[in-house]
2 protein chains.
Amino acid sequence: MVNIHDVARKAQVSVATVSRVLNKSSAVSFSTKIRVEQAITELNYEPSTLGRNLRKLESRLLLVLIPSISNPFYTDVIKGIEDTAINLDYNILLCQTNSNPKRESIYFNLIKNHLADGIISMDPTVNKRNLMDLAEKHPIIQCSEYDIDGSIAYTTINNELAAYHAIRYLIKIGHKKIALINSDEKFLYARERRQGYERALKEFGIELNLSWVYHAESLGFEGGQQAMRQLLNHPNRPTAVFAVSDILAIGALNEIHTNGLHIPNDIALVGFDNISFSTMTHPTLTTISQPMFKMGCIAAKMIINKIQGKKVESIILDHDLVIREST
Amino acid sequence: MVNIHDVARKAQVSVATVSRVLNKSSAVSFSTKIRVEQAITELNYEPSTLGRNLRKLESRLLLVLIPSISNPFYTDVIKGIEDTAINLDYNILLCQTNSNPKRESIYFNLIKNHLADGIISMDPTVNKRNLMDLAEKHPIIQCSEYDIDGSIAYTTINNELAAYHAIRYLIKIGHKKIALINSDEKFLYARERRQGYERALKEFGIELNLSWVYHAESLGFEGGQQAMRQLLNHPNRPTAVFAVSDILAIGALNEIHTNGLHIPNDIALVGFDNISFSTMTHPTLTTISQPMFKMGCIAAKMIINKIQGKKVESIILDHDLVIREST
DNA sequence: TTGAAAGCGCTAACAG
DNA sequence: CTGTTAGCGCTTTCAA
């Protein structure tokens, strides 16, 4: 690898001067600048980011922590992050944690070592303690997921309200027997969406039937299928189902079809996220739409502000109820 | 940030000794080892990967270049890569290029600067020239996509044969009017799958009808919908459709339903990839299954071998025809 | 306008 | 078994 010394030698200047033309930092005479640039092209020299980072303690790289890329919800959020980051001359690196603490620590090390300047965490299963410790010394923000008590700034939607809206809508179109397919309540969003579900029922004087509240065992299609299977076997079958993710809803939809039932006539179905696949099902899926792209943009803006030492406040974004054929 | 000197001072040893206990490189007396370890925990010291990399010119990080995480095909491949890499003590960083050459060069710089040890490229739109230049000096392998003339080792399936199998199967169950929904033929896989399509037709004495060969304008659902819309309007409507990806097939499936036609009675449908969505459609999708996880494992093994200076050969993997309800 | 030199945090060769 | 020292590739004072 050709390095800055080689260039300096070839251009007959000092490494400092080469560095200066590289960084356009301070005045260099026109003639030496030309000489240096010539040497650079002739030697095909490319400066080492590693050396530069070590010196400047900056990398202009952003880490994005996601539990898994298999969830299409993240796709659009990441698009937003990338768009914004690239415009501000930052690049992003995607890190799948698979909710594995060991992985986490590897990625945390990246920031400790100035290989990255900041972290956007979208992982709900991240170790809160570690994250908060890290956040004391390094720029971190949370996106979609967050800690209610935490000191870490975040952007997200109002999950409780979104769920409330979904259920209120189901009630208004005549449903009284409404089931909930939730994820594991170790996730904050799951707890919040459940609260919204309960609030809506209460507000309309519908009694909570705990046997209609189901916790999916996986976040994949199978989770939705399994949950729906249980609900279909229920002696008092619900007439509507709210699933806390489109993936779960699609699994449920599948199970309903398999049992020869009709959506929405026999059972109405509402999902959450508005992933692109939700328009491809038959019938198409009524769902809560999150402003994923915008959320990504805001997250990127927040972390970059934080990196630059500015004060950042958490931001709650709006959601929408998208009514389609499944209700 | 506390560094190796602080630890050395605290433990009253030299930095070399600290480095030794850190790397378990050579013998250190038990008592000093204890002292150093104590100093490390007391100071909460964590070694800087940056400094280490700069010194060792190694990062144990693998770059994985994908065009976009929105395609679920990549999900399982990446799982395979991660599994294998982590076992061999390498970590992976996902890089979305969005087929944007500027992005590409940023990620290429990471390897030039020893911020990464190797690259697995799955991006079909990557600049071949740059990639090949880079490959002369750095470990690179291609996965799924490859250059037919290239000097870069790869792992993939036999796309021509896979398409041939799909079409042969359609013919054997009685179809003669078989359409192809292809992607842009700038992609090698698209050209190869088309060749397989044509070979099967020829072998069974079916004349090629070019108006049944459609190139989708996008790789998303809409691409499949658009293509299918055209085919449904065709004066001589095909009885079977082979789409070169499940996403396209699902778009097509949707369009067929929208027009009130029945799958497979009116039109049979075959996809490609066997993504998890393909079991969630109604009817479920017949498709060509690629060994995505295995492909990922092999790609990781190859790149690590290459990094370690071993010779690596390209590997062609087997595919499977998975027959479901859509045919 | 330019150069010399220190130093970012670490490892490894060498010497003792 | 341990310390000294050079150096990975770069930027940035300081001095000229």
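Residues numbered from 1 in each chain as written. Chains lettered and ligands numbered in written order. Predicted model: local features only at pLDDT ≥ 70, side-chain atom pairs only at ≥ 80, totals over all residues. Heavy atoms only, no water.

### Here's the deal with the overall build of chain A
On a plain count of helices and strands, chain A comes out with twelve helices and twelve strands. For 327 residues, the compact-globule estimate of 2.2 N^0.38 gives 20 Å, and chain A exceeds it by more than 25% at 26 Å. If one aligns the C-alpha atoms of chain A with their principal axes, the spans along those axes are about 85 × 35 × 30 Å. Of the contacts formed within chain A by residues at least 6 apart in sequence, a portion of 70% connects residues at least 24 apart. (Helix = DSSP H or I, 4+ residues; strand = E, 2+ residues; numbered from the N terminus. Rg over C-alpha atoms; globule rule 2.2 N^0.38 Å. Contact = heavy atoms within 4.5 Å.)

### What about the relation of the copies chain A and chain B?
Under the fitted operation, chain A is carried onto chain B by 0.2 Å of movement along the axis and a turn of 180 degrees, and the coordinates agree to an RMSD of 0.3 Å. Within this description, the copies of the chain are treated as partners about a two-fold rotation axis. Rotation axis and chain A: the residue whose C-alpha lies nearest the axis is A:Leu94, separated from it by 2.5 Å. The share of interface residues of chain A whose copies in chain B are also at the interface is 98%, consistent with both copies meeting through the same surface. (Least-squares fit on C-alpha atoms with pLDDT ≥ 70 in both.)

### As for helix α8 (residues 159–172) of chain A
Residues and elements named next belong to chain A. Here α8 spans 20 Å end to end across 14 residues, near enough to the 20 Å set by a 1.5 Å rise per residue. For α8, the tally of buried residues reaches ten of 14 residues, placing the bulk of the element in the interior. Burial in α8 covers these residues: Asn159, Glu160, Ala162, Ala163, Tyr164, Ala166, Ile167, Tyr169, Leu170 and Ile171. The distance from a side-chain oxygen at the start of α8 to the backbone nitrogen of Glu160 is 3.3 Å, and the residue carrying that oxygen is Asn158. At the exit of α8 stands Gly174, carrying a positive phi of roughly 110 degrees. (Expected span 1.5 Å × (residues − 1). Buried < 20%, exposed > 50% of the residue type's maximum accessible area, 1.4 Å probe, protein only. Polar contact = N/O pair within 3.5 Å; in protein donor to acceptor, adjacent residues only side chain to side chain.)

### Comments concerning the protein's contact with DNA strand D
For DNA strand D, the set of nearby residues contains 25 residues, the closest of which are A:Ile4, A:Tyr45, A:Ser48, A:Arg55 and B:Arg20. Put simply, 60% of the atoms of DNA strand D that lie within 4 Å of the protein are in sugar or phosphate. One of the backbone N or O atoms of A:Gly51 is found 3.2 Å from a base nitrogen in DNA strand D. Measuring from a phosphate oxygen of DNA strand D, one finds a backbone N or O atom of B:Ser29 at 2.6 Å. When residues of the surface near DNA strand D are traced back to their parent elements, those giving at least two are α2 (15–23) and α4 (49–56) of chain A together with α2 (15–23) and α4 (49–56) of chain B. (Near = heavy atom within 4 Å.)

### Section: the sheet that holds strand β8 (residues 240–243) of chain A
All names here are of chain A. Reading across from one edge, β7-β6-β8-β9-β10-β12 is the order of the six strands in this open sheet, with mixed pairing throughout. The sheet is open, and its two borders are formed by β7 (213–215) and β12 (320–322), each paired with just one other strand. Pairwise comparison of adjacent strand axes, ignoring direction, gives a mean angle of 20 degrees for this sheet. Judged from the four bridges that link them, strand β9 (residues 268–273) and strand β10 (residues 286–289) form a sheet pairing that is parallel. Within the sheet, the bridge partner assigned to Phe272 lies in β10 and is Ile288. Sheet strands touched by helix α10 (residues 221–232): β6 (178–182), β7 and β8. Its angle to β6, the strand with the most contacts, is close to 150 degrees. Strands in contact with helix α11 (residues 246–258) are β6, β8, β9 and β10; relative to β9, the strand with the most contacts, it is inclined by about 155 degrees. (Pairing = 2+ DSSP bridges. Axes fitted to C-alpha atoms, helices over the stretch in contact; angles between N-to-C directions.)

### Things to note about the UniProt feature "domain: HTH lacI-type" (unreviewed entry) in chain A
Taking the UniProt record as the reference, the feature "domain: HTH lacI-type" (unreviewed entry) is found at residues 2–56 of chain A. With 71% helix and 0% strand, residues 2–56 of chain A has end C-alpha atoms that lie 21 Å from one another. (UniProt positions renumbered as here; feature names shortened; annotations may be inferred.)

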